[in-house]
Each structure stands twice: as structure tokens, then as C-alpha cells.
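As a plain string of letters, each chain reads:
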Amino acid sequence: RLDELLTAAEAERGLARGRTAVAPLIESGLGLANAVDIAHGPRVTTLHLGEIDLAADLGLEPGPDETELLFARSQVVVACSAAGITSPVAPVSANFRDLAGFTASTRALRRLGFFGRACIHPDQIPLVEQVFSPSAEQAREAADILRRLEDAGSGVALDAEGRMIDE
């Protein structure tokens with residue numbers, strides 16, 4: 001049904017069929033419980049997590065380290081992986097004045113498997129770019145891994161520390 005609605009909307013606006021992508025916002029217990037099915041939906045490219053509404057729906061009171069949201073965060077990362085779509089975009093932070101806390105939270109979300117972060121204030125944008133952009137060292141390591149895999153010719157190689165890597 002969603003694909004039909006999107007196709008009709010595209011036709012109405014003169015857009016090519018199938019051009020419109022969908023990135024659902026999971027913000028209720030029901031949505032979280034169905035995250036895998038939602039992620040498999042037509043034209044879904046990633047998921048977003050609406051933590052403020054989700055916390056209200058679940059009766060959560062997130063503390064400073066936000067561990068109360070860990071299950072929900074992990075659930076949407078798993079749902080995206082299970083559906084073979086892009087990792088989810090990390091949720092907004094309503095506390096746009098605590099930039100140090102925002103940066104720490106963004107780093108934690110990156111470690112959990114999120115890809116980028118939604119922002120509600122312009123001051124947050126450079127911090128998200130910094131956290132989600134690879135460092136020069138990470139770029140060198142990635143290039144080295146790709147070179148090692150290409151040289152191996154078999155899809156299996158050793159990294160600079162002698163650990164096995166594969167495609």
C-alpha cells in the first residue's frame with residue numbers, strides 16, 4: 001500500500017516512479033517492536049529514532065548517560081542491518097546548549113552503529129561532522145586494508161598487526 005501511495009504522489013508531481021525514498025521515524029513502543037518489519041518496507045533506506053517521544057511512550061526517564069535508551073538504539077541498528085539498509089541516523093538532542101555532552105553522546109551513538117546524527121541547532125552540525133568523519137589515520141588504515149585485500153587476491157588477508165581480515 002505504501003508503495004502505491006508513493007507512486008501516486010510521484011505521478012502527481014511528475015517525478016520518476018520509484019524515486020522517493022522513505023526513512024521512517026520510530027517513536028513508540030509499537031514502532032520499536034515492529035522495527036525489523038518497518039525496515040523491510042518498500043523504499044525504506046534507513047530508520048530514525050525519535051527518542052523524546054519514545055521515552056514518553058515507554059515511561060522512560062533517561063539519565064545523563066542515556067543508558068535507558070540503549071535497548072531502543074540497539075534495536076534500530078539491528079533492524080537496519082537485518083533489512084540490509086543504511087545504518088540509522090542518530091536521534092536529535094534537545095539540549096543544544098551542552099555541546100560537550102552532545103559530542104560525547106554523538107561519539108557513543110557512532111560506536112553503537114549509527115550513521116550521522118540529526119541536528120536541531122546549527123552549532124551541532126560541525127560536531128556531528130567531526131565525529132562521523134574519518135580521521136586521516138583511519139583513512140590511511142582503510143586504504144591499507146583495501147590494498148592488502150587487493151594484493152591477496154582471495155578476499156582474505158592480514159592487516160598491519162597480523163590479524164585476519166576479509167571482505
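For clarity, every value in this text was computed on a predicted model and none was experimentally measured.

A. Looking closely at the overall build of the chain. Per the secondary structure count, the chain includes eight helices and four strands. Counting from the amino terminus, the chain carries its helices and strands in the arrangement α-β-α-α-β-α-α-α-α-α-β-β. Considering only C-alpha atoms, the chain reaches an extent of 50 × 45 × 30 Å along its principal axes. Here the chain holds 167 residues, and the buried ones make up 31% of them. Sequence separation of 24 or more characterises 54% of the internal contacts of the chain that already satisfy a separation of 6 or more. Looking at the chain as shown, the accessible area adds up to about 10,300 Å², and 55% of this sits on carbon and sulfur atoms.

B. Geometry of the pattern of salt bridges. Evaluation of the coordinates by the stated rule reveals 12 salt bridges. For Arg13, the salt bridge identified is with Glu12, shortest N-O distance 3.6 Å. Put simply, Glu161 and Arg163 hold a salt bridge, and the shortest N to O gap is 3.0 Å.

C. Broad picture of helix H5 (residues 70-83). With 14 residues, H5 extends 20 Å between its outermost C-alpha atoms, agreeing within 8% with the 20 Å of an ideal straight helix rising 1.5 Å per residue. Regarding H5, the residues found buried are Ala72, Arg73, Val76, Val77, Ala79, Cys80 and Ala83. Taken end-on, H5 shows its buried residues confined to a sector of 155 degrees, consistent with a single buried face. Facing away from the buried side of H5, by more than 90 degrees, are the exposed residues Phe71, Val78 and Ser81. Where H5 is buried, its residues touch strand E1 (25-26), helix H2 (29-33), helix H3 (35-39), strand E2 (48-49), helix H4 (51-58) and helix H6 (99-112).

D. Structural view of the state of the cysteines. Throughout the structure, instances matching the rule amount to zero disulfides. Here Cys80 is not cross-linked by a disulfide; its sulfur's nearest cysteine counterpart is in Cys119, at 18 Å.

E. Structural context of a nonpolar patch on the surface. On the surface, a cluster of nonpolar side chains totalling about 250 Å² of accessible area is made up of Ile52, Val92 and Ile120. Mapped onto the elements, Ile120 comes out in the loop between H6 and helix H7 (125-132).

F. View of helix H8 (residues 136-152). With 17 residues, H8 should reach 24 Å at 1.5 Å per residue; the first-to-last C-alpha distance of 24 Å fits that figure. After H8 finishes, the residue Gly153 shows a positive phi value of roughly 70 degrees.

G. How the structure looks around the side chain of Thr106. If you trace the backbone, Thr106 turns up in helix H6. Exposure remark for Thr106: the relative accessible area of 1% places this residue in the buried category. Among the polar contacts listed, one links the side chain of Thr106 to the backbone oxygen of Phe102, at a separation of 2.7 Å. Look past the residues within four positions of Thr106 in its chain and what remains in contact with it is Arg117, Val128, Val131 and Phe132.

H. Up close: the environment of Ala104. Inspection of the secondary structure assignment puts Ala104 in helix H6. By relative accessible area, Ala104 is classed as partly exposed at 42%. Put simply, Ala104 and Arg148 are 44 residues apart on the chain and 33 Å apart in space, counted from C-alpha to C-alpha.

I. Fine view of the packing of H6 against H7. Put simply, H6 and H7 touch, their axes get as near as 10 Å, and they point 35 degrees apart. By crossing handedness, the relation of H6 to H7 is classed as right-handed. Judged by residue contacts, Leu99, Phe102, Thr103, Thr106, Arg107 and Arg110 of H6 engage Leu127, Val128, Val131 and Phe132 from H7. For the contact of H6 with H7, the residue count by class is six nonpolar, two polar and two charged.

J. Examining the nonpolar core more closely. Within the largest apolar cluster, 20 residues are counted, with the highest numbers of intra-cluster contacts made by Leu47 and Val76. Those elements that provide at least two residues to this core are H3 and H5. Broken down by element, the residue count for this core peaks at six residues, all from H5. Apart from residues no more than four positions distant in its own chain, Val76 is found in contact with Ile26, Leu32, Leu47, Leu49, Pro88 and Phe114.

Reading the values: the criteria
- Residues numbered from 1 in each chain as written.
- Predicted model: local features only at pLDDT ≥ 70, side-chain atom pairs only at ≥ 80, totals over all residues.
- Heavy atoms only, no water.
- Helix = DSSP H or I, 4+ residues; strand = E, 2+ residues; numbered from the N terminus.
- Buried < 20%, exposed > 50% of the residue type's maximum accessible area, 1.4 Å probe, protein only.
- Contact = heavy atoms within 4.5 Å.
- Areas by Shrake-Rupley, 256 points an atom, 1.4 Å probe, with all protein chains shown as cover.
- Salt bridge = Lys/Arg side-chain N within 4 Å of Asp/Glu carboxyl O.
- Expected span 1.5 Å × (residues − 1).
- Arc of directions from axis to C-beta.
- Disulfide = S-S within 2.5 Å.
- Patch = residues over 30% accessible without salt bridge, like charges linked within 9 Å, V, L, I, M, F, W, Y side chains within 5 Å.
- Polar contact = N/O pair within 3.5 Å; in protein donor to acceptor, adjacent residues only side chain to side chain.
- Axes fitted to C-alpha atoms, helices over the stretch in contact; angles between N-to-C directions.
- Left-handed = near helix turned anticlockwise from the far one by under 90°.
- Nonpolar A, V, L, I, M, F, W, Y, C, P; charged D, E, K, R; others polar.
- Core = buried A, V, L, I, M, F, W, Y, C linked by side-chain atoms within 4.5 Å.

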